[in-house]
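What follows is each chain in one-letter form.
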Amino acid sequence: MKFLSGITLSLLLTLFFATTITTHAHNITRILAKHPEFSTFNHYLTITHLAAEINRRLTITVCAVDNAGMSDLLSKHLSIFTIKNVLALHVFSDYFGSKKLHQITHRSTLTATMFQATGKAEGISGYVNITDVKGGRVGFAQEDNAAKFESFFVKTILEKPYNISVIQISQILTSPEAEAPVAAPSVNITDIMKAKGCKAFSDLLTSEGAMDTFVQTVDGGLTIFCPSDDVLKAFMPKYKNLTEEGKMLILLYHGVAEYNSMGTLRSHNGVMNTLALEGVNSYNFTVQNDDEGVALKTKVVTASIKATLVDDEPLAVYKIDKVLLPRELFNTDAPKSKKGSTSDDDKEAEAPGPADDEDSADDTASDENSSTSIAGVRIMVTALLGLSIGVLVSL
């Protein structure tokens, strides 16, 4: 009986500690989406695919700059591939929270950046010097810049010791190596779309300037969901009623900054983030299996993939049977007919609607799954605790 009680207590302790284990997954896009003053920085983390790389790291520090700081960078008219290298210089492979920044040993240290990890940085050009300067200020400088501190710590945005630290610095870090020209890929998205029944959408992307973002994104992976010519023609009256910003957002809403084969889409069954991004608005949709096909659900409309135009990494282009309508731009309350029913056409929103600032569906599902899992373990612990007490009493 003593042996049995020992096993029971050991199992109890194991399960107890299991309930205290937490995961350290983070999503830089959602973190910054709560702070509209960093929307430009957040947007470029997404389209350069740095966001996905940041999310895969267990320990990371992201030095964000506000929209004004990003304007200084964009005024240089660098390609998206060069911008990626510059922003990679702002992502450290170590954790630096506010406390650590102000308690640096010997007041100065070098830290490796994600740009260093690309292998494109010559010598120590991928390292950043962090120094606690006079007056308690913390300065940042690219090491080849002779430690000339032009950017300083402003505030903490989020800290999860020792997992992720997101801080604001006063301006962009400069580096000749990071700003060196990078060749663009040779994929011609326009020709592919025009040749296979999506000419109208391709022309619209080009005329509105959204095609530039698609082209700049493709090198790191891109999936486009393209409404057919007939579908887009029927949608144009609604499109013309949108603001200029709304038009750009709905076009970017049809692109995802990663390559997704049809097999990947069929097995995805979850929320997918798009190239559209604005402040706290998520602009995502849900991918779901639909018998042999794939359905895209936006909470306003459900579209189906009808054909594959190209599926050759890093680019996949699919033809869909409806224009994807983001809930952030369109009302979901549809007018009912006299009989109280709602037609398929009525189900689509007729006018722009208010933004939804709630967390995306996958966050909710993740939280619910985590709560359910922990609750289940706690129930088991409670049951075993009762069993243990019974065994001990019998002894």
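Let's shift gears to the state of the cysteines. Tallying each qualifying case throughout the model produces one disulfide. The disulfide that involves Cys198 links it to Cys226, with 2.2 Å between the sulfurs. One end of the pair, Cys198, is in the loop between α9 (189-195) and α10 (199-208); the other, Cys226, is in strand β8 (residues 222-227), and 28 residues separate them in sequence. Owing to a relative accessible area of 0%, Cys198 belongs among the buried residues under this scheme.

Taken together, the seven strands give an open sheet; going across it, the order is β2-β1-β7-β6-β5-β4-β3, and neighbouring strands pair in mixed fashion. Each having just a single partner strand, β2 (91-92) and β3 (108-112) make up the two edges of the open sheet. Pairing analysis gives five bridges linking β3 to strand β4 (residues 127-132), with the strands arranged antiparallel. Across the sheet, Ala112 pairs through a bridge with Tyr127, a residue of β4.

The axes of two packed helices give the description: the angle between them and the distance between them. In the contact formed by α10 and helix α12 (residues 229-240), the axes pass within 8 Å of each other and the chain directions differ by 45°. Here α12 runs oblique to α10, going by the angle between their axes. Across from Lys199, Ala200, Phe201, Leu204 and Glu208 in α10, the residues of α12 making contact are Asp229, Leu232, Met236 and Tyr239. Residues of the contact of α10 with α12, tallied by class, amount to six nonpolar, no polar and three charged.

Rules behind the numbers
- Residues numbered from 1 in each chain as written.
- Predicted model: local features only at pLDDT ≥ 70, side-chain atom pairs only at ≥ 80, totals over all residues.
- Heavy atoms only, no water.
- Disulfide = S-S within 2.5 Å.
- Helix = DSSP H or I, 4+ residues; strand = E, 2+ residues; numbered from the N terminus.
- Buried < 20%, exposed > 50% of the residue type's maximum accessible area, 1.4 Å probe, protein only.
- Pairing = 2+ DSSP bridges.
- Axes fitted to C-alpha atoms, helices over the stretch in contact; angles between N-to-C directions.
- Parallel < 35°, antiparallel > 145°, perpendicular 65-115°, else oblique.
- Contact = heavy atoms within 4.5 Å.
- Nonpolar A, V, L, I, M, F, W, Y, C, P; charged D, E, K, R; others polar.

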